[in-house]
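# Notes for the structure review
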Amino acid sequence: MRASNLALAHPRRREVHREQITPEARRCRRKFLRFFPGGFQDETYLAWERDYKWNANREWEPHAESGCLLSIAARRRLCRGCIARGKDRSADQPDFSFEKMALRDAVKSGAGARMFATGLYDFLHGKGRMQERFERWCDVVARLPRKQMRVFTWPIVTVFGFLAQPEKHIFLKPNITRTAAREYGFPFHYQSRPAWKTYASCLDFAETLRDDVKGLSPRDMIDLQSFIWVQGSSEYDE
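Chains are numbered independently. Their residues run from 1 in the order of the written sequence. Totals for whole chains, interfaces and linings use all residues, but because this is a predicted model, local features are given only for residues with pLDDT of at least 70 and pairs of side-chain atoms are given and counted only at 80 or more. Only hydrogens and water are set aside; all other atoms, that is, all heavy atoms of the structure, feed into the side-chain values.

### Things to note about the overall build of the protein chain
Applicable threshold: The secondary structure listing takes helices from DSSP runs of H or I that are at least 4 residues long and strands from runs of E that are at least 2 residues long, numbered from the N terminus. The contact criterion used is simple: two residues touch if any of their non-hydrogen atoms lie within 4.5 Å. What sets the accessible areas is the Shrake-Rupley method with a 1.4 Å probe; for residues, cover comes only from the shown protein chains.
Of regular secondary structure, the protein chain possesses 10 helices and zero strands. In the protein chain, the succession of α and β elements from N to C terminus is α-α-α-α-α-α-α-α-α-α. Sequence separation of at least 24 residues holds for 67% of the intrachain contacts in the protein chain that already meet a minimum separation of 6. With the model as given, the accessible surface of the protein chain reaches about 11,500 Å², and the carbon-plus-sulfur share is 50%.

Below, the structure is given as structure tokens:
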């Protein structure tokens, strides 16, 4: 199996010829286009799937992109902003609502807010390869204070990188992604506990999609995650 190109800071795109695209991939592409005939430029697609995610990126707290994470006030503002924006269209579903409540509890204390804010900044802007930064971020989230509900879950680990840097990070909803990978015929290496191997596999899935649907001109991970969502979500059952 080929190595994950997206494990690199600047991935090298593989060349894909039309005859290499599998029947499963063609079927998934047709499904996407049945809902959104205009592809990633379709007005309905923009309204249903892209615009609200892109707006969340544009509204990302300015201090999350700077170095001013030293003050307690800045850390707490960052935490509040992340909790507010750490959602997708399914945020009203119980699983993600519970995770948001778990994160809110985890960052109530000064120590929890400091861990979260500095860990997130290191993940987004720190030194080292993406794998190293992701593993450090997982370690931070796993050590956040916990009351009743788990904080260390795939949505919490991945949603903030996706909102802040959709050009390189993807949002991993386990059941949706597993279903989409199965429909697509992609060998997604999943494990329930967040770890680099699974995240790298999800990034590689996204890179495969990027190549296979390049004729639709996907812009970033928002488009690729939305394609995954259409394949795996019951919202798009036919």
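### Here we look at unusual backbone geometry
Inclusion rule: When accessible area is computed with a 1.4 Å probe and restricted to protein chains, residues below 20% of their type maximum are described as buried, those above 50% as exposed, and intermediate ones as partly exposed.
Even without a glycine there, the phi angle at Ser 217 is positive, about 60°. For Ser 217, the location among the structural elements is in the loop between helix 9 (196-212) and helix 10 (221-232). Judged by its relative accessible area of 43%, Ser 217 falls in the partly exposed class.

### Here we look at the side chain of Gln 165
Positionally, Gln 165 belongs in the loop between helix 7 (154-164) and helix 8 (174-184). Gln 165 gets classed as buried once you look at its relative accessible area, which sits at 6%. For Gln 165, the residues in contact, after removing those within four places along its chain, are Asn 57, Leu 124 and His 125.

### Topic: the environment of Phe 32
Secondary-structure assignment places Phe 32 in helix 1 (residues 23-35). For Phe 32, a relative accessible area of 0% translates into the label buried. As for Phe 32 and Ser 226, which are separated by 194 residues in sequence, their C-alpha atoms are 9.6 Å apart. When sequence neighbours within four positions are dropped, the list of residues in contact with Phe 32 reads Gly 39, Phe 40, Tyr 45, Leu 216, Phe 227, Val 230 and Gln 231.

### Brief notes about the packing of helix 5 (residues 110-125) against helix 7
To be explicit about the condition: Helix axes are fitted only over the stretch in contact, all axes being lines through C-alpha atoms; the angle between N-to-C directions runs from 0 to 180 degrees. Roughly parallel covers angles under 35 degrees, roughly antiparallel covers those over 145, roughly perpendicular covers 65 to 115, and oblique covers all other angles. Here a crossing is taken to be left-handed if its near helix is turned anticlockwise relative to the far helix by less than a right angle, and right-handed if that turn runs clockwise. Only Asp, Glu, Lys and Arg are considered charged, only Ala, Val, Leu, Ile, Met, Phe, Trp, Tyr, Cys and Pro nonpolar, and every remaining residue, Gly among them, polar.
Between helix 5 and helix 7, whose axes approach to 11 Å, the crossing angle comes to 55°. Between helix 5 and helix 7, the crossing angle belongs to the class labelled oblique. In this structure, helix 5 crosses over helix 7, and the sense of that crossing is right-handed. Where helix 5 approaches helix 7, its residues Phe 116, Leu 120, Phe 123 and Leu 124 are matched on the opposing element by Phe 160, Gly 161 and Ala 164. The residue makeup of the contact of helix 5 with helix 7, split by class, is six nonpolar, one polar and no charged.

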